[in-house]
Amino acid sequence: MVVLSVQVGGPRAYPWLGRPIVTSIVKHPVAGRVRVHAHHLEGDEQADPNAHGGADKAVHAYAREDLDWWAAELGHPLANGTFGENLTTSGLDLTHAVIGQTWRVGTAVLQVTEPRTPCWKLGFRMGDPGFPRRMAAARRPGVLLRVLEEGALGPGDAVTLERPPAHGITAADITRVYLRESRDLSVIDAAPELAAHWRTWAGHRTVWHEEDERRGRTRPATSEG
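All values reported here derive from a predicted model rather than from experimental measurement. (Residues numbered from 1 in each chain as written. Predicted model: local features only at pLDDT ≥ 70, side-chain atom pairs only at ≥ 80, totals over all residues. Heavy atoms only, no water.)

*Asks:* When you look at the pairing of strand S8 (residues 102–105) in this model, what are you seeing that I'm missing?
*Replies:* Working note: regular strand, side chains alternate between the two faces of the sheet. Summarising the sheet, S8 and strand S9 (residues 108–115) pair through four bridges and their orientation is antiparallel. Bridge assignment links Arg-104 to a residue of S9, and that residue is Val-109. Taking the residues that link successive antiparallel strands as the turn, the S8-S9 hairpin has two residues, and the phi of Gly-106 there is positive, at about 60°. Relative to strand S12 (residues 159–161), S8 runs antiparallel, the two being bridged by three bridges. Within S12, the position partnered with Arg-104 by the bridge is Thr-160. (Pairing = 2+ DSSP bridges. Helix = DSSP H or I, 4+ residues; strand = E, 2+ residues; numbered from the N terminus.)

In structure tokens:
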């Protein structure tokens, strides 16, 4: 289990669908070691800090195995960092990563907080406005992590997994609830390490989500979390 590459980036303006947008989803590889701060990697800055980044979403990881799956689906190779991830990993099943599991990477300690939920910016990155829904349907979300101990990490660092929490709730379990494949919201309360915004979401789930379903609006809106 290893970090193959580390990517960072900052806000830049681009034209998209006839209008200007600002996003940090285009990230670039870092050759050496990178400082890990409480809310971000050194050199990484969010375009919309109200929606992205912060204590519960400081680092985004995506697996090389999932990138290879997408490359086969799309019919062309995908570079590390294509999905805007900070860490491209190998040897880790991120879809079934346990919420709250701790990673030791370099001198930093990270903790899985949630699956990544794709937003329109991923559509821009892939040149396909419909790609976020395609990403959601593939059930290969990658994960977001909080920083428990600041430090430094770099390409080639091993990822050491600590014993997972006993609740066993995975990124896939949260994704199933988010995509309405499961109505069992107990998984959100069962994983205390889950990013805090999910509890707010669950509180609304039985109000506006159920109303959406009653009216036939059964496809979820997406956000990057």
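*Asks:* Explain helix H1 (residues 64–74) here, please?
*Replies:* Residues separated by three or four positions in an α-helix point in the same direction, a consequence of the helix having 3.6 residues per turn. Every buried residue belonging to H1 is among Arg-64, Asp-66, Leu-67, Trp-70 and Ala-71, and all of these are buried. Down the axis of H1, the sector holding all buried residues measures 155°, keeping them to one side. Residues of H1 that are buried in the fold lie against strand S1 (2–8), strand S6 (59–63), strand S7 (87–90) and helix H3 (131–138). Just beyond H1, the residue with positive phi is Gly-75, at close to 85°. (Buried < 20%, exposed > 50% of the residue type's maximum accessible area, 1.4 Å probe, protein only. Arc of directions from axis to C-beta. Contact = heavy atoms within 4.5 Å.)

*Asks:* What am I meant to see in helix H4 (residues 171–178) here?
*Replies:* For H4, a buried count of seven out of eight residues is recorded, marking the element as mostly surrounded by other parts of the structure. Just downstream of H4 lies Arg-180, where phi reads positive at about 70°.

*Asks:* How should I be thinking about the sheet that holds S12 in this particular structure?
*Replies:* Consider a sheet: its strands pair through backbone hydrogen bonds, and that pairing is either parallel or antiparallel. An order of S4-S1-S7-S6-S10-S9-S8-S12 is seen for the eight strands of this open sheet, with the pairing classed as mixed. Looking at strand neighbours, the two that pair on one side only are strand S4 (28–29) and S12, the edges of this open sheet. Strands S1, S6 and S7 of the sheet are contacted by H1, whose axis makes an angle of about 55° with S6. (Axes fitted to C-alpha atoms, helices over the stretch in contact; angles between N-to-C directions.)

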